[in-house]
Amino acid sequence: MLENLPVLTDQHGGLTIEGYSRAAVQSYWRIPELKLGFDLGGSPWDFIGVPTFLVTHSHLDHMAALPVYVARRRMMKMEPPTVYLPEEVVEPTEKMLKAWQKLDRGRMVCNLIGVKHGQEIELSREHVATVFATTHTVPSVGYLIWQRRRKLKPEYQSMSGDQIRELRLAGAEVTHELRTPLICYTGDTSPAGLDAYPPAFSAKILIIEMTFFRPDHRREKIHKYGHLHLDDFLERADKFRNEKIIAMHFSTRYPTNQIEKAVMKRLPEELRSRFKLWL
């Protein structure tokens, strides 16, 4: 397979997380088992097989590769992809694709679907995504993927199979849906976007930005421009119930070894054991 862009890989709970993210460079992610991706700041060649992408916002390092991704799928005779993105940017995105269609002289066929806070996206029989508002310098959202299954209601659990079958035939709803927060992807956000959506702290896997980490960074300025600082995590250390926390989108001002040493040194043990720095 062609390798035209860097891709890091990690696994947890039967899921594979692939991608890359550095602030002002590019962010792109894939969960192969779910046939789902997050953000399109870059488009690795083998990511064209992902039919659905959830885009958080329209900054270039998160969405610049959309025309490339769409065009490659058409070239490989694949079905047009479905791309979810904040509803405010659907119209300009459509205009952008039409402009590239003229430049490229190839059709840019893509199902663009605008989303907003509180909306649900049906992904499959087993999975659904919820959209939550984040706080950034442009319209932005985050996504949480839930695993769902049907379970027999408590009042019917002592009944025999024949009795339950009769109830179903009579039109009774004998099961209810159980949801487990599986993967949360925040995109770029200040602490306000995270705090306003408590389920993010419970997802098994949390993929979250940590653009800045140095103690001398001015957090009020960082928050103003819609980003998180290491100290924001330290202040909320007791809130994170995630099994794995992937910190990404680090500033390009600092080399990898400096980021890793500084961040891991300051993280308390209860967080350090669950953290992975995407570097």
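Before any of the text, the structure's been laid out above.
Residues numbered from 1 in each chain as written. Predicted model: local features only at pLDDT ≥ 70, side-chain atom pairs only at ≥ 80, totals over all residues. Heavy atoms only, no water.

Peer 1: Outline unusual backbone geometry, supporting the account with residue identities and numerical values.
Peer 2: For Lys 77, which is not glycine, the phi torsion reads 60 degrees and is therefore positive. Within the fold, Lys 77 resides in the loop between helix 2 (66-75) and strand 6 (82-86). The phi torsion at Arg 105 lies on the positive side, around 55 degrees, for a residue other than glycine. Note that Arg 105 resides in the loop between helix 3 (90-104) and strand 7 (111-115). (Helix = DSSP H or I, 4+ residues; strand = E, 2+ residues; numbered from the N terminus.)

Peer 1: Give a description of the side chain of Thr 211 that names residues and reports values.
Peer 2: Here Thr 211 lies in the loop between strand 12 (205-209) and helix 6 (219-224). A distance of 2.7 Å separates the side chain of Thr 211 from the side chain of Glu 209, its partner in a polar contact. Filtering out sequence-adjacent residues up to four positions away, Thr 211 remains in contact with Ala 23, His 227, Leu 228, Met 248, His 249, Phe 250 and Ser 251. (Polar contact = N/O pair within 3.5 Å; in protein donor to acceptor, adjacent residues only side chain to side chain. Contact = heavy atoms within 4.5 Å.)

Peer 1: How would you sum up the sheet that holds strand 2 (residues 15-22)? Please name residues and give values.
Peer 2: On the basis of which strands lie adjacent, the open sheet formed by seven strands has the order 1-2-3-4-5-6-7 and mixed pairing. The sheet terminates laterally at strand 1 (8-12) and strand 7, the two strands that pair on one side only. Looking at each pair of strands side by side, their axes are set apart by 25 degrees on average, direction ignored. Of the strand pairs in this sheet, strand 2 and strand 3 (residues 26-31) are connected by five bridges, and their pairing is antiparallel. (Pairing = 2+ DSSP bridges. Axes fitted to C-alpha atoms, helices over the stretch in contact; angles between N-to-C directions.)

Peer 1: Account for the packing of aromatic side chains, naming residues and giving values.
Peer 2: Here the structure, examined in full by the defined rule, presents eleven aromatic pairs. One aromatic cluster in this structure is built from Trp 29, Phe 38, Tyr 185 and Trp 278. (Phe/Tyr/Trp six-rings, centres within 6.5 Å; stacked < 30°, edge-to-face > 60°.)

Peer 1: Which residues make up the nonpolar core, and what values do they have?
Peer 2: As a rule of thumb, soluble globular proteins bury nonpolar side chains together. Judged by nonpolar contacts, the single largest core of 29 residues is most densely connected at Met 210, Phe 240, Val 263 and Phe 275. Those elements that provide at least two residues to this core are strand 9 (127-133), strand 10 (141-152), strand 12, helix 7 (230-235), strand 13 (244-248), helix 8 (256-266) and strand 14 (275-277). Each residue touching Met 210, except ones within four places of it in the same chain, is listed here: Leu 228, His 229, Leu 230, Phe 233, Ala 247, Met 248, His 249, Phe 250, Val 263 and Phe 275. One finds Leu 15, Ile 31, Val 115 and Met 248 within the second-largest nonpolar core, a separate group that totals 24 residues. (Core = buried A, V, L, I, M, F, W, Y, C linked by side-chain atoms within 4.5 Å. Buried < 20%, exposed > 50% of the residue type's maximum accessible area, 1.4 Å probe, protein only.)

Peer 1: Describe the pairing of strand 7, and please don't skip the residues or the numbers.
Peer 2: Summarising the sheet, strand 6 and strand 7 pair through five bridges and their orientation is parallel. Residue Tyr 84 lies in a different strand from strand 7, and its bridge partner there is Ile 113. Assessed by its sense of winding, the connection that carries the chain from strand 6 through helix 3 to strand 7 is right-handed. (Right-handed = clockwise from strand over helix to strand, strands pointing away.)

Peer 1: How would you summarise the environment of Gly 13 if you had to cite specific residues and measurements?
Peer 2: Residue position: Gly 13 is located in the loop between strand 1 and strand 2. It is 19 Å that separates the C-alpha atoms of Gly 13 and Phe 38, two residues lying 25 residues apart in sequence.

Peer 1: Describe the pairing of strand 4 (residues 36-40), naming the residues involved and giving the relevant values.
Peer 2: Across the five residues of strand 4, five count as buried, placing the element largely inside the fold. Judged from the four bridges that link them, strand 3 and strand 4 form a sheet pairing that is antiparallel. Note on strand 4: the bridge partner recorded for Trp 29 is Phe 38. The hairpin turn running from strand 3 into strand 4, its antiparallel successor, is four residues long, and Lys 35 in that turn takes a positive phi close to 55 degrees. Here strand 4 runs beside strand 5 (residues 52-54); their pairing, made up of three bridges, is parallel.

What is shown is where atoms sit, not what they do.
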